[in-house]
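Topology and contacts: notes
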Amino acid sequence: MTDSLFAKLWKDALDQSDKELYIAEYGYPEWFDEISEDPDVVVDTLGNIHDVASMSVKDMVKKSGMSQAKFAEKFCIPKRTVESWCMGERSCPDYVRLMMARLLGYLQ
């Protein structure tokens, strides 16, 4: 998948809170072959992108199995910042969540 296609899919996933609607909105565009010829693989890929786009930092920390302190250390982010993101006091930028999700292997 090209970076431009991924960027479009990521942005659309951020904008659409309903996973099923997000997947259904695409019908069967010509770029599906860029992901896979198998429609099930395309649906799984879109679902994975939507799931990760919907993850909060708190979800990422929990899924990683790390403490907030270890998570903060891994990404060289101040511990207090991670705590604030997890408690909902501050919002983590989408591009930062994307980079963390990629580094943690959450995107297939």
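Up top is the structure these notes are about.
Heads up: these notes are all about the structure in this document.

Considerations on the packing of aromatic side chains
Considering all chains together, one arrives at two aromatic pairs under this definition. A ring pair is formed by Phe6 and Trp10, whose centres lie 6.1 Å apart and whose planes are at 20°; its orientation type is stacked. Of this pair, Phe6 and Trp10 are both found in helix α1 (residues 3–15), four residues apart, which corresponds to roughly one turn of the helix. Residue class for Trp10 comes out buried when judged on its relative accessible area of 7%.

Let's talk about the pattern of salt bridges
In this structure the tally under the stated criterion is eight salt bridges. Asp15 is the partner of Lys11 in a salt bridge, and the nearest nitrogen-oxygen pair spans 2.9 Å. Residue Lys11 and its partner Asp15 are located together in helix α1, separated by four residues, close to a single helical turn. Exposure remark for Asp15: the relative accessible area of 55% places this residue in the exposed category. Here the salt bridges share partners, and the residues they tie into one network are Lys79, Arg80, Glu83 and Glu89.

Conventions we followed
- Residue positions are given per chain, counting from 1 as you read along its sequence in written order.
- Reporting in this predicted model follows two pLDDT cut-offs: at least 70 for local features of residues, and 80 or more for side-chain atom pairs to be given and counted; totals over whole chains, interfaces and linings ignore these cut-offs and use all residues.
- For side-chain calculations, the full set of non-hydrogen atoms in the structure is used, while hydrogens and water are omitted.
- To pair, rings of Phe, Tyr and Trp, with the six-membered ring standing in for Trp, must have centres within 6.5 Å; the planes then decide the type, stacked if under 30 degrees apart, edge-to-face if over 60, and tilted in the middle.
- In this text, helices come from DSSP runs of H or I with a minimum length of four residues, and strands from runs of E with a minimum of two, each type numbered from the N-terminal end.
- Burial classification: accessible surface area is computed with a 1.4 Å probe over protein chains only, and a residue below 20% of its type maximum counts as buried, one above 50% as exposed, and the rest as partly exposed.
- By salt bridge we mean one thing: a side-chain nitrogen of Lys or Arg within 4 Å of a carboxyl oxygen of Asp or Glu.

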